[in-house]
Amino acid sequence: MNMRVNIPVELDRLAVSNDRIPRPVVGEPAAGAASPHESASLHVSGEAVYTDDIPELRGTVYAALGLSAKPHARVLGMDLDAVRKAPGVIAVLTAKDIPGVNDCGPVLADDPILADGLVQYVGQPMFIVVAKSTEAARHAARLGKVDYEELPFLLTPKQAKDAHSGTTDELRLIQGDVQNALATAPVRLTGTFECGGQEQFYLEGQIAYAIPREKDGMLVQCSTQHPTEMQHAVSHALGWQRHQVEVECRRLGGGFGGKESQSAIFACLASICAQHLHRPVKLRADRDNDMMITGKRHGFYYEYDVGFDTDGRILGVKLDMTLHSGFSADLSEAVASRALAHFDNAYYIPAADIHTMCGKVNTQSATAFRGFGAPQGALITEVLIDRVARQLGKDPLDVRLLNLYGTDTRNVTPYGEVVEGNLLEPIMTELEASSDYRARRQAVQEFNAQSPILKKGLAMTPVKFGISFNVPAFNQAGALVHIYRDGSVLVNHGGIEMGQGLNTKVGQIVANTLGLDLECVRLTATDTYKVINTSATAASTGSDLNGKAAEDAALTLRNRLADFAARKYGGKADDVVFAWRQVSVNGKTLPFAQLVEEAYWDRVQLWSDGFYKTPDISWDKATSHGHPFYYYAFGAAVSEVVVDTLTGEWKLLRADILHDVGASINPAIDIGQIEGGYIQGTGWLTSEELVWRDDGRLMTHAPSTYKIPAISDCPRDFRVQLFKTRNHKDSVHHSKAVGEPPLVHGISVFNAINDAVSAVGNGKDSPNLLAPATPEAILNAVEELRERSAA
Ligand code: MTE
Ligand code: HPA
Ligand code: MOS
């Protein structure tokens, strides 16, 4: 599966775009500066504390899980004697030992913490062993003997669709007269398509460390994107009130959606054992168990019927999407909803009839993964546009440009939201020129004409990504800002730092508001005893929501300090200036710290909360219409690949990305997010393949068999630019969310591979390449297309 292709390209140095960004100077306005990540030096020195690094308390014991070996079966009996007798074992718990409710589902109550009489996938936790060491617990967990009565099972979304097996509500979006649009369309494409799922592959695996406290309390240190949900799940499982459970997390070694809901089973199990034994319990899944237990990105099965005019303009889309939901609902309905609101990607679609179903199958329960259904929605339309362009003998870029959303007309999405602040056309035009697309298209054609084996491919794709949780209520956040008497600032907010730089940005925002710099501001662990009732750090809204909440708190403090300064030194409070760690008031300048100390003696409150809720958003689930997104983030990518048509191996030669992050709060972090998102999206559509064996066992449950992109898979020529703009909406510092949208740029790589493969055919026919385009899939597509074109 290694992608080694010998190609005539110089091995020039990986272009590190961050090099070109000036570093901030102490005292300069903090927001907008390319400050390094607030934990960067800790990350590289190994000093950054992740959950497993927290010094353990005396008496800590360790847990491991016994997993189901069958995809669907009644459990007639479990013989756990050998487990109990294994060396070092302290306790073995099953479903009947759960004091509260045996469920940790985030939306529906269909996620047992431990299987109780019924198993629904290979890998489902059935019992938990606590021992003196992790090794002893893991060893003992393998000794359970289970008597199963096997039941019929399903594994693919197509099987679920045929069996009408769903986990949650089906969704439907109808706009315009699609029947008529299709019936009268001069060009029509009908058929099916599939894309696979994707493992989040966070570097830090799932882990929870539960510490019992006095008077029936529990502190849970765990790696999660959603501490409040963990607090809820743990209190529910223990039969407690929420105020008994404190969940704390300083940072994650990556989440990528995989720790939005599915950290719950670990938090609950560690807590159940800790309460049972009245001892601190740590549960850390190893990589294989993590991948066997937890859910992945949803694979999709699509049935489409799309009509175009003879120029390639889309007239109508009928689309049926079946999600690989797994055994339970988890967040699948929200994922389907986002797919439904992103199948249009960047294009105006006058008539649509879109249906989604969350296919219930006997595998891990699929969950959030960067993009949350949007990439799967966008993919199908991008693939079909490519196909119709080829059929019409046009450059796919021209068909794309023809279909882009307009600014005054052709600007309403199928779900009824007007695309305001549309930057698609200027971004596409600028990137087309800066990437030298037309000349390179010519060069690719010339290369392919004289190269029988190696074929190059080129593709440019846009993205439009809706920003806001598609559940309106989740779009709220809180923060606490403290100013100590020496002028140093402590910030706590409800968001989770998972490597994306949230704390750096929030720190910059607070520093900026108070005229300080990042060195004056410290961010603390997220904690359900501080800012409460928080939303997951997800939907790319982390800095939008928490940044605004922290800014709100900082503004309250600045106003209080300005009022005090004017009272003491004269002049108007509105004229007081906070900059360069100093305060200027009525012609006098004094250090910020001095003003703070003086304010303390005047009994000014030097800490504040802050709150933010996103305005102007709504969603009607019954009709799939509304205004779900506060704004859109835009971008475009050009990818060039070379494919070896004898082996199916390929190489990414060059990538050019122009992406809209509004007015960037931190260009270095934003460029990192764009590079990472693009490579992660590329991995999803190419090398990362999930294979479930016929008996339901996931075979790709370790890096030996599951291939995420490596540094050698990054393009040698990697050019990422931020589009110069500012958010037209009143977002924090007029920036835009950046976490997920760039993942969609990976589609340009899939289409570039398709483009290269199509060169073995007659030019009009498209390859039948499904995602992921592994070398095996590419080779099969090459052979199939050759035969089809020859016939
Ligand atoms: N970047 C890193 N380094 N690690 C992560 O886990 N998660 C992604 C994205 N970028 C992730 C990341 C996902 S799925 C989301 S929703 C956003 O970051 C969440 O953070 P934000 O809302 O603060 O951008
Ligand atoms: N993204 C991530 N998580 C979510 C969303 C979303 O849009 N909606 C509900 N949970
Ligand atoms: Mo990101 S998938 O919304 O955690």
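Residues numbered from 1 in each chain as written. Chains lettered and ligands numbered in written order. Predicted model: local features only at pLDDT ≥ 70, side-chain atom pairs only at ≥ 80, totals over all residues. Heavy atoms only, no water.

A. The arrangement of the confidence of the model for the chain in detail. Residue-level pLDDT values for the chain average 96, and 96% of them are 70 or greater. Of the regions scoring below 50 in pLDDT, residues 1-22 engages in 47 contacts with residues more than four places distant in sequence or in other chains. (pLDDT = per-residue confidence, 0-100. Contact = heavy atoms within 4.5 Å.)

B. Up close: the site of ligand 1. Neighbouring residues of ligand 1: 18 residues in total, closest G255, M498, S540, G542 and Q673. Separating a nitrogen atom of ligand 1 from a backbone N or O atom of G499 is a distance of 3.5 Å. Within the complex, the protein chains bury 93% of what would otherwise be the 520 Å² of accessible surface of ligand 1. Of the residues in the shell around ligand 1, the class split is four nonpolar, twelve polar and two charged. (Near = heavy atom within 4 Å. Polar contact = N/O pair within 3.5 Å; in protein donor to acceptor, adjacent residues only side chain to side chain. Areas by Shrake-Rupley, 256 points an atom, 1.4 Å probe, with all protein chains shown as cover. Nonpolar A, V, L, I, M, F, W, Y, C, P; charged D, E, K, R; others polar.)

C. How the structure looks around the sheet that holds strand 17 (residues 476-483). Reading across the sheet, the four strands line up as 19-18-17-24 and stay open at both edges, with mixed pairing between neighbours. Sheet topology places strand 19 (521-523) and strand 24 (607-613) at the edges, where each strand pairs with a single neighbour. Strand after strand, the sheet turns through a mean of 20° between neighbouring axes, direction not considered. By the bridge criterion, seven bridges tie strand 17 to strand 24 in an arrangement that is antiparallel. (Pairing = 2+ DSSP bridges. Helix = DSSP H or I, 4+ residues; strand = E, 2+ residues; numbered from the N terminus. Axes fitted to C-alpha atoms, helices over the stretch in contact; angles between N-to-C directions.)

D. The arrangement of unusual backbone geometry in detail. With omega at 5°, the peptide bond leading from A771 into P772 counts as cis. Residue placement: P772 occurs in the loop between helix 18 (747-758) and helix 19 (775-790). Even without being glycine, N345 reaches a positive phi, approximately 40°. A positive phi angle is found at F372, which is not glycine, with a value near 55°. Mapped onto the secondary structure, F372 falls in the loop between strand 15 (352-360) and helix 10 (374-392).

E. Inspection of helix 12 (residues 424-434) at higher detail. Within helix 12 the residues assigned to the buried category are L424, I427, M428, L431 and E432. Down the axis of helix 12, the buried side of the element spans an arc of 125°, and every buried residue falls inside it. One or two positions beyond helix 12, positive phi appears at D436, with a value near 65°. (Buried < 20%, exposed > 50% of the residue type's maximum accessible area, 1.4 Å probe, protein only. Arc of directions from axis to C-beta.)

F. Here's a closer look at the sheet that holds strand 16 (residues 454-467). Taken in spatial order, the four strands line up as 16-27-28-29 in an open sheet, and their pairing is mixed. Of all the strands in the sheet, just strand 16 and strand 29 (717-722) have a single pairing partner and so form its edges. Geometrically, the sheet is characterised by an average inter-axis angle of 15° between neighbouring strands, direction not taken into account. Two elements, strand 16 and strand 27 (residues 631-644), share 14 bridges in a ladder whose sense is antiparallel. Paired with F465 across the two strands is A633, which belongs to strand 27.

G. The arrangement of the side chain of Q680 in detail. Examined against the element boundaries, Q680 turns out to sit in helix 17 (residues 667-685). We classify Q680 as buried; its relative accessible area is 11%. Of the polar contacts made by the side chain of Q680, one reaches the side chain of R370; its length is 2.8 Å. If near-sequence neighbours (up to four positions away) are discounted, Q680 is found in contact with Q198, Q200, F256, F369, R370, E688 and L743.

H. Region of interest: the pattern of salt bridges. Scanning all chains against the criterion turns up 41 salt bridges. Note that D670 and K505 form a salt bridge whose closest N and O atoms lie 2.6 Å from each other. Remark: K505 occurs in helix 14 (residues 502-513) and D670 occurs in helix 17; sequence separation between them is 165 residues. The same class applies to D670 as to K505, namely buried. Linked through salt bridges whose partners overlap, the residues forming this network are D395, D398, E432, R438, R441 and D755. (Salt bridge = Lys/Arg side-chain N within 4 Å of Asp/Glu carboxyl O.)

I. View of the packing of aromatic side chains. This structure, assessed with the given rule, holds 15 aromatic pairs. Ring centres 5.0 Å apart and planes at 25° place the aromatic pair Y121 and F327 in the stacked group. With Y121 in the loop between strand 4 (118-119) and strand 5 (125-131) and F327 in the loop between strand 14 (314-326) and helix 9 (332-340), this residue pair connects regions lying 206 residues apart in the sequence. Residue classification places Y121 among the buried positions, given a relative accessible area of 4%. Aromatic side chains Y678 and F718 sit 5.6 Å apart centroid to centroid with 50° between the ring planes, which places their arrangement in the tilted category. Placement of Y678 in helix 17 and of F718 in strand 29 is noted, with a sequence separation of 40 residues between them. (Phe/Tyr/Trp six-rings, centres within 6.5 Å; stacked < 30°, edge-to-face > 60°.)

J. Here's a closer look at the site of ligand 2. With respect to spatial proximity, the complete set of residues near ligand 2 consists of E260, A334, R338, F372, F469, N470, V471, F474, A538 and A539. In this structure, R338 approaches ligand 2 through a side-chain N or O atom, which is 3.0 Å from an oxygen atom. Between ligand 2 and N470 there is a distance of 2.8 Å, counted from a nitrogen atom to a side-chain nitrogen or oxygen. Contact with the protein chains covers 97% of the free accessible surface of ligand 2, which is 260 Å². Split by residue class, the shell around ligand 2 holds seven nonpolar, one polar and two charged.

K. Structural context of the nonpolar core. Ranked by size, the top nonpolar core spans 153 residues in total, and within it L379 and I753 carry the most contacts. The greatest single-element share of this core, amounting to eleven residues, is contributed by helix 15 (residues 542-569). When neighbours within four sequence positions are excluded, I753 is seen to be in contact with V641, V643, W650, T686, L769, A773 and I778. (Core = buried A, V, L, I, M, F, W, Y, C linked by side-chain atoms within 4.5 Å.)

L. Spatial organisation of helix 6 (residues 227-238). The first and last C-alpha atoms of helix 6 sit 16 Å apart over twelve residues, in line with the 16 Å expected at 1.5 Å per residue. Across the twelve residues of helix 6, ten count as buried, placing the element largely inside the fold. All buried positions along helix 6 are accounted for by P227, T228, E229, M230, Q231, A233, V234, S235, A237 and L238. Packed against the buried residues of helix 6 are strand 10 (217-222), strand 11 (245-249), helix 7 (264-277) and strand 20 (526-527). Two residues or fewer past helix 6, G239 is found with a positive phi of approximately 70°. (Expected span 1.5 Å × (residues − 1).)

M. Layout of the packing of helix 15 against helix 16 (residues 592-601). Look at helix 15 against helix 16: their axes get within 10 Å of each other, and the N-to-C directions meet at 80°. Relative to helix 16, the element helix 15 lies roughly perpendicular. Contacts between helix 15 and helix 16 involve L561, F564, A565, K568 and Y569 on the former and, on the latter, F592, Q594, L595, V596, E598 and A599. Looking at the contact of helix 15 with helix 16 residue by residue, the classes come out as eight nonpolar, one polar and two charged. (Parallel < 35°, antiparallel > 145°, perpendicular 65-115°, else oblique.)

N. Structural detail: the side chain of N727. For N727, the location among the structural elements is in the loop between strand 29 and helix 18. Polar side-chain contacts of N727 include one of 3.2 Å to the backbone oxygen of S735. Aside from chain neighbours lying at most four places away, what touches N727 is Y631, G662, A663, H734, S735 and K736.

O. Molecular detail of the environment of G494. With respect to the helices and strands, the residue G494 is situated in the loop between strand 18 (489-493) and helix 14. Given the relative accessible area of 2%, G494 is considered buried. As for G494 and K530, which are separated by 36 residues in sequence, their C-alpha atoms are 8.4 Å apart. With near-sequence residues (within four places) excluded, G494 lies in contact with G478, T526, V531, T534, S535, T537 and N546.

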